[in-house]
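Here are the chains, one letter per residue:
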Amino acid sequence: MRMYDLIMKKRNNFEHSKEEIRYIIEKFTKGEIPDYQMSAWLMSVYFNGMTKEETLELTNAMADSGDRLDLSKINGVKVDKHSTGGVGDKTTFIVAPILASLGIPMAKMSGRGLGHTGGTIDKLEAIKGFNVSISEDAFIYNVNNIKLSLVGQTGNLAPADKKIYALRDVTATVDSLPLIASSIMSKKLAAGADVIVLDVKCGSGAFMKDEDSAKELAKTMVEIGNGAGRKTYGIITDMNEPLGCKVGNALEVYEAVEVLKLKDLDNVDFGIKRLLEVSLTLASYMYMGAKKYEGEISNEENPSGKAISYEEARNLCEEAVTSGRALDKFAEFVSAQGGDSDMIYNPELLPKAKYIVPVYVSEEGYIASCKTSEVGMVSLILGGGRETKESIIDLAVGIDIRKHIGEYVKKDEVFAYIHADDESVIKEAEKRLLGAYEISYEKVEPEKIIKFVSE
Ligand code: URA
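What you see is a predicted model; the values in this text were computed from it and never measured. (Residues numbered from 1 in each chain as written. Predicted model: local features only at pLDDT ≥ 70, side-chain atom pairs only at ≥ 80, totals over all residues. Heavy atoms only, no water.)

*Asks:* Pulling in residues and values, what's your account of the nonpolar core?
*Replies:* Counting residues in each nonpolar core, the largest one holds 68 residues, and the members touching the most others are Ile98, Ile127 and Phe333. Ranked by the residues each element gives to this core, the list is headed by helix α12 (residues 270-297), at 13 residues. When sequence neighbours within four positions are dropped, the list of residues in contact with Ile127 reads Val253, Val334, Gly339, Asp340, Met343, Ile344 and Leu350. (Core = buried A, V, L, I, M, F, W, Y, C linked by side-chain atoms within 4.5 Å. Buried < 20%, exposed > 50% of the residue type's maximum accessible area, 1.4 Å probe, protein only. Helix = DSSP H or I, 4+ residues; strand = E, 2+ residues; numbered from the N terminus. Contact = heavy atoms within 4.5 Å.)

*Asks:* Describe helix α17 (residues 426-435), with residues and values.
*Replies:* Buried within α17 are the following residues: Ile426, Ala429, Glu430 and Leu433. The arc that holds the buried residues of α17, viewed along the axis, is 100 degrees, so those residues lie on one side. Exposed residues lying more than 90 degrees from the buried face of α17 are Lys427 and Lys431. Tucked inside the fold, the buried residues of α17 contact β7 (355-359), α16 (372-382), β9 (398-401), β11 (416-420) and β12 (437-440). (Arc of directions from axis to C-beta.)

*Asks:* Would you mind going over the layout of surface pockets in detail, with residue names and values included?
*Replies:* Considered as a void within the structure, the second largest pocket measures approximately 300 Å³ in volume. Around the second largest pocket sit 16 residues that line it, and Thr51, Lys52, Thr55, Thr220 and Glu223 are the ones nearest its centre. Counting residues per element, the ones that place at least two in the lining of the second largest pocket are α4 (52-63), α9 (177-190) and α10 (211-227). Looking at side-chain class alone, the lining of the second largest pocket contains 5 nonpolar, 4 polar and 7 charged residues. (1 Å grid on protein atoms, 1.4 Å probe; cavity = no way out; pocket = protein on both sides within 12 Å on 5 of 7 lines; lining within 4 Å. Points joined across faces, edges and corners; volume = space filled by probe spheres on them. Nonpolar A, V, L, I, M, F, W, Y, C, P; charged D, E, K, R; others polar.)

*Asks:* Got a sec to walk through the packing of helix α3 (residues 35-48) against helix α8 (residues 159-170)? Specific residues and values, please.
*Replies:* Two elements in contact, α3 and α8, have axes whose closest approach is 10 Å; the angle formed by their N-to-C orientations is 75 degrees. Here α3 lies roughly perpendicular to α8, going by the angle between them. Facing α3, whose interface residues are Asp35, Met38, Ser39 and Leu42, α8 presents Ile164, Leu167 and Arg168. Split into classes, the residues belonging to the contact of α3 with α8 amount to 4 nonpolar, 1 polar and 2 charged. (Axes fitted to C-alpha atoms, helices over the stretch in contact; angles between N-to-C directions. Parallel < 35°, antiparallel > 145°, perpendicular 65-115°, else oblique.)

*Asks:* I'd like to hear about the sheet that holds strand β1 (residues 79-83), residue by residue, with values.
*Replies:* If you trace the 4 strands from one edge of the open sheet to the other, you get β1-β4-β5-β13, paired in mixed fashion. Edge strands, defined here as strands with exactly one partner in the open sheet, are β1 and β13 (450-454). Strand-to-strand twist in this sheet, taken as the mean axis angle between neighbours without regard to direction, amounts to 15 degrees. In this structure, strand β5 (residues 231-238) lies alongside β13, joined through 4 bridges in antiparallel fashion. Its bridge partner lying in β13, Ile235 is registered against Val453. (Pairing = 2+ DSSP bridges.)

*Asks:* Explain the site of the ligand to me, and be specific about the residues and the numbers.
*Replies:* All residues adjacent to the ligand are Tyr165, Arg168, Ile180, Ser183, Ile184, Lys187 and Phe207. Between Ser183 and the ligand, the recorded distance is 2.6 Å, taken from a side-chain N or O atom to a nitrogen atom. The contact in question runs from an oxygen atom of the ligand to an N or O atom on the side chain of Lys187, over 2.5 Å. If the ligand stood free it would expose 240 Å²; the protein chains cover 85% of that surface. Looking at the shell around the ligand, the elements that each hand over two or more residues are α8 and α9. Top contributing element to the shell around the ligand by residue count: α9, with 4 residues. Its residues assigned to classes, the shell around the ligand shows 4 nonpolar, 1 polar and 2 charged. (Near = heavy atom within 4 Å. Polar contact = N/O pair within 3.5 Å; in protein donor to acceptor, adjacent residues only side chain to side chain. Areas by Shrake-Rupley, 256 points an atom, 1.4 Å probe, with all protein chains shown as cover.)

*Asks:* Can you break down unusual backbone geometry residue by residue, with the values?
*Replies:* A negative phi angle characterises most non-glycine residues, just as the trans form characterises most peptide bonds. Although it is not a glycine, Asn13 sits at a positive phi angle of roughly 65 degrees. Note on placement: Asn13 falls in the loop between α1 (3-11) and α2 (18-29). Residues other than glycine seldom take positive phi values, yet Ala158 does so here, at roughly 45 degrees. For Ala158, a relative accessible area of 2% gives the class buried.

*Asks:* Residues and numbers for the side chain of Ser149, please.
*Replies:* Locating Ser149 in the fold gives a position in strand β3 (residues 148-152). At 2.9 Å, the side chain of Ser149 and the side chain of Gln337 are in polar contact. Among all residues touching Ser149, those that are not within four sequence positions of it are Met106, Ala107, Lys108, Ile134, Phe139, Asn142, Val143, Phe333 and Gln337.

This is the structure we're talking about:
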């Protein structure tokens, strides 16, 4: 086989065999195919796409390029979630303790991430003492013992994806559906969970700006997951404004705790209603998926499985919140990884910025739209994210948005608070934050928060 012929084949829009895909991935990972040939092949994929079979083989080949996590020492069905990335997304801190409190194990590896805020792992470091790099044995022990552990990515998961992504980033081939789907799913398959729930964000703060492309991505990833024997759901959720009110590392942990403290889910502040809805939907699909998977693998020796409906799963997840059990589980998980659980019961103890500055609109009206990625940029300006891998994150800074699409804001009402440690960036942050929003005289309805479910 020669890479030259394979590039020509894809360029001329023919379908690769499984062996050809494996050849490309294995040889490129070993450094035996040069970047210029791989770039030409990626561009051919960008223009001509891939069939379902090619995409599945590409995903499996990338998942096989490094270690696959062995979760067999963990009892029960393992569930995982993945978000395609948005602004203010703190659902993991809500979903994981809900599931763990219901007895479903979550063994989660998360990244640090480049961008407007840190990744899940950075956010957890806002909790004093929290250790994101416990040993593999401690990780497994915690999941078996309290059903939840969350650590930074270790090992050598899908190194082919890492190499290919770096090349896509500099050759304008990131936004190709089969390449995105296989990239995300190769890491999820290598991470070993039996049930995978994908939160595919759609809107101004997401990779996928419109609903049709988000649906197509979700459908492709669900096909890959199910094709690889994992129960997979794709939930398309709105990202036309930040999720919830708070954007920033400690601020997002704070807001997740606020949700876990809710006692009456019918009377929830407008600002966190959408965050609650996304979290409960993801958790319910994860729970339902776990029970379905258990049902499918149950037999006379293992009769535990009993499939349940979405509504039954949803009721259990809601009760996990209102009973306080999910909050207790979050505190237990924090303690088990060396963190100060007082910060969970009393989030006022989380790191606080030096300046908390109210922001007002210059013309009153209804909030009509938001350039969500601009709000992410404000967080970056304040120091809450990383511009390069070496940047140091300020865990205390961020934005607390008090008014959301569809709400009326008066001139003398606080529209948002900026949390800053560096006084010199406040003016610019304020200007960009206000510039990200459009205000209208007419009432505007917010987009539906859950747009579509692919299964
Ligand atoms: N996230 C990934 O991991 N890969 C992509 O290609 C895009 C988003």
